[in-house]
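Architecture and fold: a report
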Amino acid sequence: MAKVYAMIANGSEEVECLAVVDVLKRCGIEVSLVSVHEEREIVSSHGIRIQADEIASQAAFSDGDAIFLPGGMPGSEHLYNCAPLREALKKAHAEGRRIAAICAAPAVVLGRLGYLQGRRATCYPGFEKDLLGAEHTGEGVVTDGNITTARGLGYALDLGLELGGLLAGLDVAAKVKSQIQYDQV
């Protein structure tokens, strides 16, 4: 079974995070929700309290198949400023493990770290300047190699299904898509 570390911080966009986490779990993927702060409870961008499973400074990360970064502000800045997360991303990127980000996080975290150089990527409009060295596509969800990016909240289910397909198989993702009554118009 695949395992994903889903990061969360004070100011993270809760639906971007939890919609993806929900779809991944429905695909049979193990998910650990990880706070980048020294406490497990975070307060999302819309004031919702969320309890993480663990904190970044104590997370293993090396047993994960993917690391997922939700957007939201200032949540994306908190993700970027978390040294244990930056180290885990560096290692995952070097090993070719899957990394995914949505909304502001592709630019604020992955772009600033240089992981999008020479890749196709997308992000929330207005953050394109931080997609350093990337070709901004404007698409809803883009997978280029081991990195998947998504534009924003409206694409959270699409991102979850994309990651589910990549980690659990396209047939599993298609079944989940049918079960949740999701039909793109």
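In case you missed it, the structure is sitting above this.
Cut-offs used in this document
- The residue numbering used here restarts from 1 in each chain and proceeds along that chain's sequence as written.
- Local features in a predicted model are, by the rule used here, given only for residues with pLDDT of at least 70; side-chain atom pairs are given and counted only at 80 or more, and totals for whole chains, interfaces and linings are based on all residues.
- Side-chain descriptors were evaluated using all non-hydrogen atoms of the structure, hydrogens and water having been removed beforehand.
- Counting from the N terminus, the helices are the DSSP runs of H or I reaching at least four residues and the strands are the DSSP runs of E reaching at least two.
- With C-alpha atoms as the basis for the radius of gyration, the globule rule is written as 2.2 Å multiplied by the number of residues raised to the power 0.38.
- Two residues form a contact once any of their heavy atoms are found within 4.5 Å.
- In short, Shrake-Rupley with a 1.4 Å probe defines the accessible areas, and a residue's cover is counted only from the protein chains shown.
- Any helix carries an expected span of 1.5 Å times its number of residues minus one.
- Burial here depends on accessible area, computed with a 1.4 Å probe over protein chains only, as a share of the maximum for the residue type. Under 20% is buried, over 50% is exposed, and the range in between is partly exposed.
- Read the arc as the range of directions from the helix axis to the C-beta atoms.
- Stacked, tilted and edge-to-face are the three classes assigned to paired rings of Phe, Tyr and Trp, where Trp is represented by its six-membered ring and a pair needs centres within 6.5 Å; plane angles under 30 degrees give stacked, over 60 edge-to-face, the rest tilted.
- Either the NZ atom of lysine or the CZ atom of arginine qualifies as a charge over a ring when it sits within 6 Å of the ring centre and within 35 degrees of the ring normal.
- Basic side-chain nitrogens of Lys or Arg form a salt bridge, by our definition, when they fall within 4 Å of a carboxyl oxygen of Asp or Glu.
- When DSSP locates at least two bridges between a pair of strands, those strands are taken to pair.

**A closer look at the overall build of the chain**
Secondary structure summary: the chain contains six helices and eleven strands in total. Its C-alpha atoms give the chain a radius of gyration of 15 Å, within 12% of the compact-globule value 16 Å for 185 residues. Projecting the C-alpha coordinates of the chain onto the three principal axes gives extents of approximately 40 × 35 × 35 Å. Within the chain, counting contacts between residues at least 6 apart in sequence, those at least 24 apart form 64% of the total. A total of about 8000 Å² of accessible surface is found on the chain, and carbon and sulfur atoms cover 48% of it.

**Observations concerning helix α3 (residues 83-95)**
Since the α-helix turns once every 3.6 residues, residues separated by three or four places project in the same direction. Here α3 contains 13 residues, and its C-alpha end-to-end distance of 18 Å stays within 8% of the 18 Å for a straight helix at 1.5 Å per residue. All of the buried residues in α3 are Leu-85, Ala-88, Leu-89 and Ala-92. The buried residues of α3 all sit within an arc of 100 degrees when viewed along its axis, so they share a single face. Every exposed residue of α3 that faces more than 90 degrees away from the buried side is listed here: Lys-90 and Ala-94. Of the residues one or two after α3, Gly-96 is the one with positive phi, at around 75 degrees.

**Notes on the packing of aromatic side chains**
Tallied over the entire structure, the rule returns two aromatic pairs. With a centroid separation of 5.0 Å and 50 degrees between ring planes, the pair formed by Tyr-5 and Phe-61 is classed as tilted. Of this pair, Tyr-5 sits in strand β1 (residues 3-8) while Phe-61 sits in the loop between β5 (54-55) and β6 (66-69), placing them 56 residues apart in sequence. Its relative accessible area of 1% is what places Tyr-5 among the buried residues. Judged by its relative accessible area of 5%, Phe-61 is buried. With a centroid separation of 6.5 Å and an interplanar angle of 65 degrees, the aromatic rings of Tyr-124 and Phe-127 are classed as edge-to-face. With relative accessibility at 42%, the residue Tyr-124 sits in the partly exposed group. Stacked on the ring of Tyr-80, the Lys or Arg Arg-86 has its end atom at 6.0 Å from the ring centre. Across the ring face of Tyr-80, the terminal group of Arg-112 is positioned such that the distance to the ring centre comes to 5.3 Å.

**A word on the environment of Glu-162**
Within the fold, Glu-162 resides in helix α5 (residues 156-168). Among all residues touching Glu-162, those that are not within four sequence positions of it are Val-141, Thr-143 and Thr-148.

**As for the pattern of salt bridges**
Within the structure shown, the criterion is met by ten salt bridges. We note a salt bridge from Asp-22 to Arg-26, for which the minimum N-O separation is 2.5 Å. One end of the pair is Asp-22 and the other is Arg-26, both in helix α1 (residues 14-26) and four residues apart, which spans about a single turn. Overall, the relative accessible area of 34% leaves Asp-22 in the partly exposed class. Here Glu-77 makes a salt bridge to Arg-112, at a shortest N to O gap of 3.0 Å. In this pair, Glu-77 is assigned in helix α2 (residues 75-80) and Arg-112 in the loop between α4 (105-111) and β8 (120-121), connecting sequence segments 35 residues apart. Residue classification places Arg-112 among the partly exposed residues on the basis of a relative accessible area of 29%. A network of salt bridges, in which partner residues are shared, links Glu-77, Arg-112, Lys-129 and Asp-130.

**Quick word on the pairing of β6**
Burial along β6 is two-sided: the face carrying Ala-66 and Phe-68 and the face carrying Ile-67 and Leu-69 are both buried. The pairing of β1 with β6 spans three bridges and is parallel. Across the sheet, Ala-6 pairs through a bridge with Phe-68, a residue of β6. By the bridge criterion, four bridges tie β6 to strand β7 (residues 98-102) in an arrangement that is parallel. Paired with Ala-66 across the two strands is Arg-98, which belongs to β7.

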